[in-house]
Amino acid sequence: MQQTRLDIARIQAARRVIDPVFLDTPLYRCEALEPGLGCAVSIKLETANPVRSFKGRGTEVVASLLAEHGPRAVVCASAGNLGQALAWSGRGRGLDVTVVASRFATVAKLDRIRALGATLELVDGDHELARERAADIARYDGIRLVEDSLDLETCEGAATIGLELLEPKGQQAKPTEPSEPAEPAELTGTAPPFDTVLIALGGGAMATGVGHVMKALAPGVEVICVQPLGAPAMTRSWHSRRVVTTDSTDTIADGVAGRRPIPAVLDDLLLVADDAVLVREESIIAGMRMLLDHAGLVVEPSAALGIAAILEDRDRFAGRHVVTIVCGGNVDVDAYHRWIGYHP
């Protein structure tokens, strides 16, 4: 494959600095989902950790490097999940963490950022304005700016999900001491049981990370990125092979609602994604409801994008074995009840 910015050796090394609480998340076949979807479905559950999203993998790599080499202060812009993860990773390593977010972000995510000890600054705008403000703070204060998806640590941390997808079931290495993460299990080179992986597409860290691993180690697996129709910038950019921005977003999937793709991330995505598709809001909600009813999972909208993609194109996935990464479970309870039609 052509070279992306990522590197398999660095991805393997990332597992040695990520707290084991974020590693080896559940991967299982969910047969209860299959009659309604018409294909075999496995779930990679990235909500089973202290910040309830995959973002902790990347922030662990960032915080580990900062703890060793400085600076001791760091700032990021976040729709909520990255901020929680950076706050968690920074707290454990004595870092001073500032998170900039939209005041319209999910309240539960903002409350958790504060609870984890980070300084939270809110802006009267969307995530792109938060990105601008975070960059201003970094320049003014001379501290580290963490840019999700642009910074390789965030991509290669997320890419460890891909390594776990390709390990034989039951072969994930376990640490013998809490302070000593184990060496990664060996990848056998045998074909995985699945032929398709569906990845939520926002800034691109998870898509480029997991996609890189698939193309490097299991090139027969189709990598399909999924984004809401109401936040299509990265998907349009992938199809156009150039950066396409949008003036606004309109989706409940706040975790993937960016308007300005990063050129370097798009370049990587073009090399590792086989397709990028857009799904409607009603399909996202139906996917959330299916994950609750048939898998017992309460997920945020971004985590249901893979299921939504199958619902919108059952013929495409018929007869396949699909892995979908359930990437986050931080959701406002009242909004969740409205979306899935829950009436206590």
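The structure contained in this document is the topic of the report that follows. (Residues numbered from 1 in each chain as written. Predicted model: local features only at pLDDT ≥ 70, side-chain atom pairs only at ≥ 80, totals over all residues. Heavy atoms only, no water.)

**Here's the deal with the packing of aromatic side chains**
Then comes step 1: Under the definition given, this model contains one aromatic pair.
Then comes step 2: Taking 5.0 Å as the distance between ring centres and 90° as the angle between the ring planes, the aromatic pair formed by Phe22 and Trp88 counts as edge-to-face. One end of the pair, Phe22, is in the loop between helix H1 (8–14) and strand E1 (27–29); the other, Trp88, is in helix H4 (residues 81–91), and 66 residues separate them in sequence. Grouping residues by exposure puts Phe22 and Trp88 together as buried. (Phe/Tyr/Trp six-rings, centres within 6.5 Å; stacked < 30°, edge-to-face > 60°. Helix = DSSP H or I, 4+ residues; strand = E, 2+ residues; numbered from the N terminus. Buried < 20%, exposed > 50% of the residue type's maximum accessible area, 1.4 Å probe, protein only.)

**Observations regarding the nonpolar core**
General note: in soluble globular proteins, nonpolar side chains tend to be found buried as a group.
Then comes step 1: Counting residues in each nonpolar core, the largest one holds 73 residues, and the members touching the most others are Leu33, Leu37, Val197, Met206 and Met214.
Then comes step 2: By residue number, the principal contributor to this core is helix H7 (residues 152–166), which donates seven residues.
Then comes step 3: Apart from the residues within four sequence positions on either side, Leu33 is in contact with Val41, Ile43, Met290, Leu291, His294 and Ile307.
Then comes step 4: Core analysis: the next-biggest nonpolar cluster, separate from the first, contains 27 residues, Val51, Leu86, Ala87 and Val99 among them. (Core = buried A, V, L, I, M, F, W, Y, C linked by side-chain atoms within 4.5 Å. Contact = heavy atoms within 4.5 Å.)

**Things to note about the sheet that holds strand E10 (residues 321–326)**
Then comes step 1: As summarised here, the arrangement of the six strands in space is E1-E2-E10-E7-E8-E9, forming an open sheet in which the pairing is mixed. The open sheet has two free edges, formed respectively by E1 and strand E9 (275–279), since each of these has just one partner strand. Within the sheet, the average angular offset between the axes of one strand and its neighbour, ignoring direction, is 25°.
Then comes step 2: Bridge count between E1 and strand E2 (residues 40–45): three bridges; the pairing is antiparallel. (Pairing = 2+ DSSP bridges. Axes fitted to C-alpha atoms, helices over the stretch in contact; angles between N-to-C directions.)

**Side note on the pattern of salt bridges**
Then comes step 1: Applying the stated criterion across every chain yields a total of 28 salt bridges.
Then comes step 2: Arg29 is paired through a salt bridge with Glu34; the nearest N and O atoms lie 2.4 Å apart.
Then comes step 3: Judged by relative accessible area, which is 44%, Arg29 ranks as partly exposed.
Then comes step 4: Among the residues examined, Glu34 registers a relative accessible area of 14% and is labelled buried.
Then comes step 5: In this structure, a network of salt bridges that share partners links the residues Arg15, Asp24, Lys44, Glu46, Arg57, Glu164 and Glu167. (Salt bridge = Lys/Arg side-chain N within 4 Å of Asp/Glu carboxyl O.)

**Description of the packing of H7 against helix H8 (residues 205–217)**
Packed helix pairs are specified by the crossing angle of their axes together with the interaxial distance, meaning the distance between the axes.
Then comes step 1: At their nearest, the axes of H7 and H8 sit 7 Å apart, and the two run at 45° to each other. If you check the angle between H7 and H8, you find them oblique. Classified by chirality, the crossing of H8 by H7 is right-handed. Here Thr154, Cys155, Ala158, Ala159, Ile161, Gly162, Leu163, Leu165 and Leu166 of H7 lie close against H8, whose contacting residues are Ala205, Met206, Thr208, Gly209, Val210, Val213, Met214 and Leu217.
Then comes step 2: Residue composition of the contact of H7 with H8, grouped by class: 13 nonpolar, four polar and no charged. (Parallel < 35°, antiparallel > 145°, perpendicular 65-115°, else oblique. Left-handed = near helix turned anticlockwise from the far one by under 90°. Nonpolar A, V, L, I, M, F, W, Y, C, P; charged D, E, K, R; others polar.)

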